[in-house]
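# Observations on the model geometry
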Amino acid sequence: MPDEHTNDERDAQSEADEPGAGAPSEVASGGEEPTPDGGTVQGEDLPVSDIAHDEEEDHGHGLPDTSSLKRWLVTTNHKDIGILYTVTAMFFLLFGGVLALLMRLQLFTPRAPGAGPLSAAAYNQAVSLHGLLMVFWFLSPFAFGFANYIVPLQIGAKDLAFPRLNALSYWFYLASGILVGVSFFQAGAFPGGWTMYAPLNIPAYTPGIGSTTSVLGLMLFTASVTVGGVNFITTMHRMRAEGLTMRRLPLFSWSILLTVWMMLFAFAALLAALIILSSDRILGTTYFAAQSAGGSMLWAHLFWFFGHPEVYIVFFPALGAMAEIFQTFTGRRIVGRKWFIGAMLLVAIQSFVVWMHHMFLTSINLEIKTLFMATTIGISLPFDLMVFALIYTMIKGRIRFTTPFLYAFGALFLFIIGGITGVFLGAVVLDYEFRGTYWVVAHFHYVMVGGVTALIGALYYWFPKMTGKMYDEFLGKVSFVLYFIGFNLLYFPMFVAWETPRRVFNYPEAFTPWHQLATVGAFILGLSFLVTVYTIGKSIWAGEEAEGNPWAYSTTAEWAVPSPPPLENFPGIPSYGDGKLSFRPESAADGGEAATDGGEVATTVHDDHSDDDHVSHASIWPFVTGAAALFAFFGLSGIVEGQLIEGIWGMVHLGSLVFGTALGLGAMVAMGLEEFHGPTGPFGESWPFSSTSNTKTGMWVFLASDVVLFGAFIGSYVFIRVAFPGGWSAWTPIPHRSLPGLVNTYLLLTSSFSVVLALVAAERNSTRGVVASMMVTLLLGIGFLVNKGIEWFELFHEGIWLSTNIRASTFFLTTGLHAAHVIVGLIIATYMIVRASRGAYLDDEAPLEFFGLYWHFVDIVWLFLFPLFYIL
């Protein structure tokens, strides 16, 4: 088998963290430089050569031909999902870009309300939806199109750990975007700004059901992110190739790993905020109402706890792509690679302790503002290290000015400007002057769209790998020139005209030339994207065939296979055990077993090539579940503060809600019954989860996200209670008696014990014991819900509803979220009882253990809620 050579052996003593699948190793001072035309580095061969593809093993496993529409509806293959993400994100780029051009036309001259191409209401909707679409539906999904396609190849995996969940995350993403598009036709989309500040986000100020649809679309998007994040974290920690330790992980994969960890926690906080906001709009709770104590501040805390990590969630994949591109087109490993990784890790952690600098204009005391000013300025230090590492890599290398490198270098230049101008906003005194002006708009876009610049470079960089075709280099460079000129013409004048207030279109006439220049730049920038789209289309249709490694100096594992890669990625099991990329046969002559690190058995491999030896790649149920979510969330948008809208449209929304809910439940049951073979790995490195399975790891990761979700709800309750007039002691608990809560505590604790008994019965091969124990769990859970229902009914009978006051809102919504988790657990328990009655779980009790983890977590949460709402 052809190998991917690295320089680990030569540099092992000088630096222990050389990337086995990483970039070209740094040449020692005075050593021989790598040459772009296929030379050697100190006598060693270049790292990557093509690997022949065995057509006999490229089974479709239920997938139709790529030209078939059906294939794209049923596919679960990570490369197909990556392409779907990329194409869909570019559609939303077009959507958001058109809104931006309409805004710039409106700003071409100062206008009175109603003048120009947009009315005042339409302008507010365009501003809000442009921000939402670009931040949520374009930036992150565009990056994760590359992540889906490239990361499994870089780490040596056949696919992501849970292929159907990967497909489900895409269909949730698409459904959420459709909901936002539909909101335009429901009396207008959300007009309150992309940050959705309270109290403008409640029905009293944004009453249209289109606004509710926009919020629900964003909630569905967060569900997509959570599903995808659990999948990526499990895959990258559990399914790396043998010898591919964390320190050897390629920089792009490192950036994605840190991104998904940040996503897991940040989006959980956003999900909590959106659930509360949806409840205010649909059920009539009063969390964010103007009269609620601390409601507006609560939204700001929840949103920006998500919002500032989101900046790095967006930028990290771009940073990883920049690093890969710099290494490839300078012929050098990133200078100070381990420090580069350490800086990214430090930024990921620090990103969660800087959110309050977005709230410097609030009534928070000066001491706390000063503390967060220090953390804000501190987070720039690791970024400085990464910027200097990239610059020094260019200095020490031999640059090839290809289209990907030009975009990556342009991104670095733009980000430096964005970082410098951001320092002004991190200082409390200066923030008082700049906040709410176009200085913020310009800074924000130099950072965020600077990341887009690198991602466009990534599109050109991985285009040959994803399509098997080479792009037109001349057109690519033309697109970059237009992009760079248009970008700076658009955003740099905003620094000069910084006194223009944000989100308004009637500004002082003295700033007119600068806004006109910005509008011209916007259209040039838009033209650059059209050139890019044309280049891609032309290249796919008539481009030259791409080699497996067209860049010569690309050294990560995706370049070791043909372009595009075969269905199951590799001709065998990838291994870096000897410091070089090689492939072990999947079928051993003696029918042996493939071992993981530490000698633990990962999976048995067989001599035959039955379908069980391959990953399944087709399932219709993720698509059906995504469609069901679209119908259900659209139906929910027809409910306003507990009342269904009147007329025929009310019936349409109700029918959509019922149909979507029923379809979703049926699809999830069908998915559970479907015979589906996922990847059988890991075949190598699994730290730090070597002692668990993929499913158990995924469950732990999901529960970590759920901890943040419930933590945000509990924190919201504490925040509002402390801010309540009269303070904590003036708060009168809604439940009049603690007895119902105490009874429910005993019911849930006993149900957890019965789950343990079911696990013991499975280990003893007792079908009756498993069924009986799970039935006890089911009955106790139902008892919990019945008792909770009686308590709620008594409160309703007394005239206490969700909308009665803030005390009622916090009680009903927080305990209701917990009850929803109980209901989900009972549905799973019912499914498992049916299977257990047929003899399941006796030879594999792992599903019972996974259910137990979830059920014990639900019980532990109640142990926090009971004293909080019934005793304190």
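## Here we look at the overall build of the protein
Looking only at helices and strands, the protein has 23 helices and 6 strands in total. Scored against the burial criterion, the 872 residues of the protein give a buried share of 60%. Across the protein, every contact between residues at least 6 apart in sequence was considered, and the portion connecting residues at least 24 apart equals 81%.

## Quick word on the pattern of salt bridges
Side chains that differ in sign of charge can pair as their charged atoms come close. Scanning the entire structure with this criterion turns up 9 salt bridges. For the salt bridge of Asp431 with Arg435, the shortest nitrogen-to-oxygen distance reads 2.8 Å. When its relative accessible area of 22% is taken as the criterion, Arg435 is described as partly exposed. Between Lys788 and Glu791 there is a salt bridge whose closest N-O contact spans 3.3 Å. Placement of the pair is Lys788 and Glu791 together in helix α21 (residues 767-797), with a separation of 3 residues, close to one helical turn. Each member of the pair, Lys788 as well as Glu791, is classed as buried.

## Section: the packing of aromatic side chains
Considering all chains together, one arrives at 83 aromatic pairs under this definition. Look at Phe95 and Phe184: their rings are 5.8 Å apart centre to centre, the planes differ by 40°, and that puts the pair in the tilted class. Of this pair, Phe95 sits in helix α3 (residues 78-106) while Phe184 sits in the loop between α5 (163-183) and α6 (209-238), and the two are 89 residues apart along the sequence. Using a relative accessible area of 26% as the deciding quantity, one classes Phe184 as partly exposed. The ring of Trp728 carries Arg721 above its face, with NZ or CZ at 3.9 Å from the centroid.

## So, the nonpolar core
Counting 253 residues, the largest nonpolar core has Phe136, Trp137, Phe340 and Trp462 as the members making the most contacts within it. With residues up to four places along the chain from it excluded, the contact list for Phe136 reads Pro141, Trp194, Leu218, Phe221, Phe267, Leu270 and Phe306.

## A closer look at helix α20 (residues 739-763)
Between its first and last C-alpha atoms α20 spans 37 Å; for 25 residues at 1.5 Å apiece the expected length is 36 Å, and the two agree. At the C-terminal side of α20, Asn765 shows a positive phi close to 60°.

## Re the environment of Phe316
Looking at where Phe316 falls in the secondary structure, it is placed in helix α8 (residues 295-330). Between the C-alpha atom of Phe316 and that of Ile256, which follows or precedes it by 60 residues, the distance is 7.1 Å. Apart from residues no more than four positions distant in its own chain, Phe316 is found in contact with Ser255, Leu258, Thr259, Met262, Met344, Val347, Ala348 and Phe383.

## Observations concerning unusual backbone geometry
A cis amide bond, omega 5°, links Ala198 with the succeeding residue Pro199. Relative to the elements of secondary structure, Pro199 occurs in the loop between α5 and α6. Across the junction of Ser563 and Pro564, the peptide omega takes the value -10°, indicating a cis bond. Its location among the elements puts Pro564 in the loop between α16 (512-542) and β1 (573-575).

## Some points on a nonpolar patch on the surface
On the surface, Leu644, Ile648, Trp649, Met651, Val652, Leu654 and Val658 cluster together into a nonpolar patch covering about 680 Å² of accessible area. The dominant element in the nonpolar patch, judged by the number of residues it contributes, is helix α18 (residues 648-673), at 6 residues. Tracing the backbone shows Leu644 in strand β6 (residues 643-644). Owing to a relative accessible area of 33%, Leu644 belongs among the partly exposed residues under this scheme.

## Details of the confidence of the model for the protein
Mean pLDDT for the protein: 86, with 89% of residues reaching 70 or above. Overall, residues 588-612 carries pLDDT values under 50, and its contacts beyond four positions in sequence, including any with other chains, amount to 45 contacts.

## A word on the environment of His617
Among the secondary structure elements, His617 is positioned in the loop between β4 (601-604) and α17 (621-636). On the accessibility criterion, His617 (0% relative accessible area) is buried. Sequence separation of His617 and Leu63 is 554 residues, and the distance between their C-alpha atoms is 6.5 Å. Within the structure, the side chain of His617 is placed 3.3 Å from the side chain of Asn77, a separation counted as a polar contact.

## What about the side chain of Gln125?
With respect to the secondary-structure elements, Gln125 resides in helix α4 (residues 120-155). Residue Gln125 is classed as buried on the basis of its relative accessible area of 15%. At 3.1 Å, the side chain of Gln125 forms a polar contact with the backbone nitrogen of Ala189.

## Here's the deal with the side chain of Asp431
The residue Asp431 is located in helix α13 (residues 428-434) in this model. Assessed through its relative accessible area of 0%, Asp431 is described here as buried. At 2.8 Å, the side chain of Asp431 and the side chain of Arg435 are in polar contact.

## Digging into the packing of helix α7 (residues 251-282) against α8
Interaxial distance between α7 and α8 falls to 8 Å at its minimum, and their mutual angle equals 160°. It follows from the interaxial angle that α7 and α8 lie roughly antiparallel. The handedness of the crossing between α7 and α8 is left-handed. When the residues that make up the contact of α7 with α8 are grouped by side-chain class, the tally is 26 nonpolar, 4 polar and 2 charged.

## A closer look at the packing of α17 against α18
Where α17 contacts α18, the two axes come as close as 7 Å, and the packing angle between them is 155°. It follows that α17 is roughly antiparallel to α18 by the angle criterion. Judged by the sense of rotation from one axis to the other, the crossing of α17 with α18 is left-handed. For the contact of α17 with α18, the per-class residue count stands at 16 nonpolar, 7 polar and no charged.

Cut-off values and rules
- Residues numbered from 1 in each chain as written.
- Predicted model: local features only at pLDDT ≥ 70, side-chain atom pairs only at ≥ 80, totals over all residues.
- Heavy atoms only, no water.
- Helix = DSSP H or I, 4+ residues; strand = E, 2+ residues; numbered from the N terminus.
- Buried < 20%, exposed > 50% of the residue type's maximum accessible area, 1.4 Å probe, protein only.
- Contact = heavy atoms within 4.5 Å.
- Salt bridge = Lys/Arg side-chain N within 4 Å of Asp/Glu carboxyl O.
- Phe/Tyr/Trp six-rings, centres within 6.5 Å; stacked < 30°, edge-to-face > 60°.
- Lys NZ or Arg CZ within 6 Å of the ring centre and 35° of its normal.
- Core = buried A, V, L, I, M, F, W, Y, C linked by side-chain atoms within 4.5 Å.
- Expected span 1.5 Å × (residues − 1).
- Patch = residues over 30% accessible without salt bridge, like charges linked within 9 Å, V, L, I, M, F, W, Y side chains within 5 Å.
- Areas by Shrake-Rupley, 256 points an atom, 1.4 Å probe, with all protein chains shown as cover.
- pLDDT = per-residue confidence, 0-100.
- Polar contact = N/O pair within 3.5 Å; in protein donor to acceptor, adjacent residues only side chain to side chain.
- Axes fitted to C-alpha atoms, helices over the stretch in contact; angles between N-to-C directions.
- Parallel < 35°, antiparallel > 145°, perpendicular 65-115°, else oblique.
- Left-handed = near helix turned anticlockwise from the far one by under 90°.
- Nonpolar A, V, L, I, M, F, W, Y, C, P; charged D, E, K, R; others polar.

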